[in-house]
Each structure stands twice: as structure tokens, then as C-alpha cells.
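Coordinates in review
Listed here are the chains, written in short residue letters.
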Amino acid sequence: METLPDSPLRGNRASWKLALMEAKHLGWYWDEMHLLHDTGRGHPETARRYQVLGDALVPAAEKLGATRIGRRVITREELLRCHTPGYLDIVEADVAAGASQLRTGDTALGRESDRVSAAAAGAGLAAVDAVMGGELRRAFVAVRPPGHHATPDRGMGFCIYNTVALMARHAMAEHDCDRVLIVDWDVHHGNGTQDCFYRDGGVFFFSSHQRGIYPGTGAEYETGEGDGKGTTMNLPLPAGTGGGPVLDAIRGPLAEKMKDFKPDLVLISAGFDSRVDDPLGGLALEDADFAALTRAILEIAGEHAAGRVVSVLEGGYNPDGLASASLAHFKAMAGGDAS
Ligand SMILES: [Zn+2]
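A brief look at the structure comes next. No experiment lies behind these values; they were computed from the predicted model shown.

We now examine unusual backbone geometry. At the junction of Arg144 and Pro145, the peptide bond is cis and its omega measures out at 0° in the coordinates. The residue Pro145 is located in the loop between strand E3 (138-141) and helix H6 (163-174) in this model. Of note, the amide linkage connecting Tyr214 to Pro215 takes the cis form, showing an omega dihedral of -5°. With respect to the helices, strands and loops of the structure, Pro215 is situated in the loop between strand E5 (203-210) and strand E6 (232-237). At Lys262, a residue that is not glycine, the phi angle is positive and equals roughly 50°. Here Lys262 shows up in the loop between helix H8 (244-261) and strand E7 (265-270). Notably, Asp277 is not glycine yet its phi reads approximately 70°, a positive angle. Tracing the backbone through its elements, the reader meets Asp277 in the loop between E7 and helix H9 (287-304).

Put into C-alpha cells, the structure is as follows:
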């Protein structure tokens, strides 16, 4: 191990080295293949939003010296951990038939959509493997299409496969992971993720979202059933709300619940349509709010999950806002190590 010279700059050099060390343990994923999911003209979930995000994220990640995560194939067996065989057949058949919409819901399809969605979920699994395997401490997985509205048997809300749910199931099936916390700060309720784990006490699902908009679920009284009773927490918020109440809920009631739940891994459904000026949302979170939420989640992960956090991109339909909010989130993932 290198010995640093004894000088007044020693402290600075040491913290600089620490920052570089931390960056090496931060993973990221962005891949141009996700531009191939063609949603058609005038659709808010465009390839352009992903390109604008990549234009900001890729150089920032490289400058930081963070570790790029590569593509990974996801198998049918892995998709079946969350989705029904009948639904997987529907996706395959609709894409093969050249349909422009998935028959189960409001989700645009193009010729590459099944392949791109499978790559999104595969990237999520690769990040979980790296973090649970100890090569990385944290990772931000920037993919499209989003996933959190996809239920076991129904794609909807621009989502085909539920990436974050597949990541949680993968961590539990393949790694020494008994309990997973998922935090979803997208402006829309993560109904698909909630459906996957509503009766599963091994996954705690927290969702903050705007009240009364798509998909209409996510009331406070939806708290889980059976073995999952008490492991779903919803925070619906009126239009115009900023980051304060979300931060308070994460630092307060959620952190308190985590003292008993003790997650082994923390996943974030990182939707940036809860940012101010999003065309599909009416909440008013600022870039600094996403950094603060990230730090609060790192603190929970540091206390219970050896600092393991993987976030995956969900919504965010103002391309410039998506890019700046994602960058604030990513930089917060790089810094503030609570463990
Ligand atoms: Zn959304």
C-alpha cells in the first residue's frame, strides 16, 4: 500500500484518493441500443430523452472514473420470476406481428421493443450481480423503456417488463439476500411493482407520487396483504408538492420501519417526471431534492445493507430536466458514503 508523504496537503490527498476509490465502486449503465425502442411520433417516452440523458451522463461518469456496466442477456426463466408465461407470449406475438401498441395497455411497440426491454431488465440484473458480488457498491442503471407500471400479466404505462421487480427477485433468487427495499419516487405510482410484492413480506415497497393521476392506485391505505401486510407504504401528494415531504417520509417513517425490516439491498425506481416542469407530472421536485433523497437512501443502505444501492431509471419526460436531475442523483450516488 502506498504511503502518502507527510505534508500539509496529506489530508486533501487522502480524501481525493478516497473519492477516486469510491468512484471505482460506483457503476453506471447507458447504452445506445435503448434508442432503438421506437414509440412513434409525438410520444413523450422518446429516444431523444434518452440521448439527452446520455449526453450528460456518459462524460460525467467517465470523468468520475465510475465503472461501466455491460449488456447482459435476460433469460425467459428470469423474466418468469415476475411475469406470467402468457404475458411473455403476448409481448413476443405483438412485436412479431408488427403491432404499434401492446394489446394489454397503453404501451407503444416497435420492431425492437421486446429486445430493448429485455436488455433493460438484463442491465438491471447485471448491476445487482456486481453490487451483491461486491465488485461495486452502488450503481445507476439508465435504461428505457421504464418498467414500474408492468404487472405480472400486463404491460401498461409505457412499460413492458418490470425491471426493478425483476432485480429484486434476482437478488433474492441468486444472491444471499432475504429482504429488499424498493423506493419509487417517480411522479406516477409504481402499481406494477406494488402488484408483484403486495403479498410478499420480503420486499418493502415505498412509493411517493402525485395523487389522482395515472394509474390511479397508491392510496395510503394500500399497505400490503397476507405475508406482505405492512410492507407497502404509499405517499400520495397533491400537485405542486416539492421534495420536502418525500424527504421527511424517507428520513422519518421509512427509516423507522427499516430498523425492523433491515434490508440487504436497496433499489430505487428513479423516475424524474416528479421534477418541476415535467410535461406529464405536476410535482415540483428540484435537482437538489433528488440529491437529498439519494443521500437519505444511502444512509438507510449504509445502516442496514452494507451501502448497497442500485437505482434504475423510470420516467422523466422533459429531456433537459431528466438529464440534470439524473446527474444530481448520480453525483450524490458517487459522494456521501454513509457506511
Ligand atoms: Zn412516471
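Following the structure, the description resumes.
This paragraph deals with the packing of H8 against H9. Two elements in contact, H8 and H9, have axes separated by 9 Å at closest approach and are oriented at 10°. In this view, H8 runs roughly parallel relative to H9, as classed from their interaxial angle. Contact residues: Val246, Leu247, Ile250, Arg251, Ala255 and Met258 in H8; Ala292, Leu293, Ala296, Ile297, Ile300 and His304 in H9.

Viewed as axis vectors pointing N to C, helix H5 (residues 113-132) and H6 meet at an angle of 35°, and their least axial separation amounts to 9 Å. Considering the relative orientation of H5 and H6, their crossing is right-handed. In this structure, H5 uses Ala120, Ala121, Gly124, Leu125, Val128 and Met132 to contact H6, whose residues at the interface are Thr163, Val164, Leu166, Met167, His170 and Ala171. Class assignment for the residues of the contact of H5 with H6 results in nine nonpolar, three polar and no charged.

What counts and what doesn't
- Residues numbered from 1 in each chain as written.
- Predicted model: local features only at pLDDT ≥ 70, side-chain atom pairs only at ≥ 80, totals over all residues.
- Helix = DSSP H or I, 4+ residues; strand = E, 2+ residues; numbered from the N terminus.
- Axes fitted to C-alpha atoms, helices over the stretch in contact; angles between N-to-C directions.
- Parallel < 35°, antiparallel > 145°, perpendicular 65-115°, else oblique.
- Contact = placed C-beta atoms within 7 Å.
- Left-handed = near helix turned anticlockwise from the far one by under 90°.
- Nonpolar A, V, L, I, M, F, W, Y, C, P; charged D, E, K, R; others polar.

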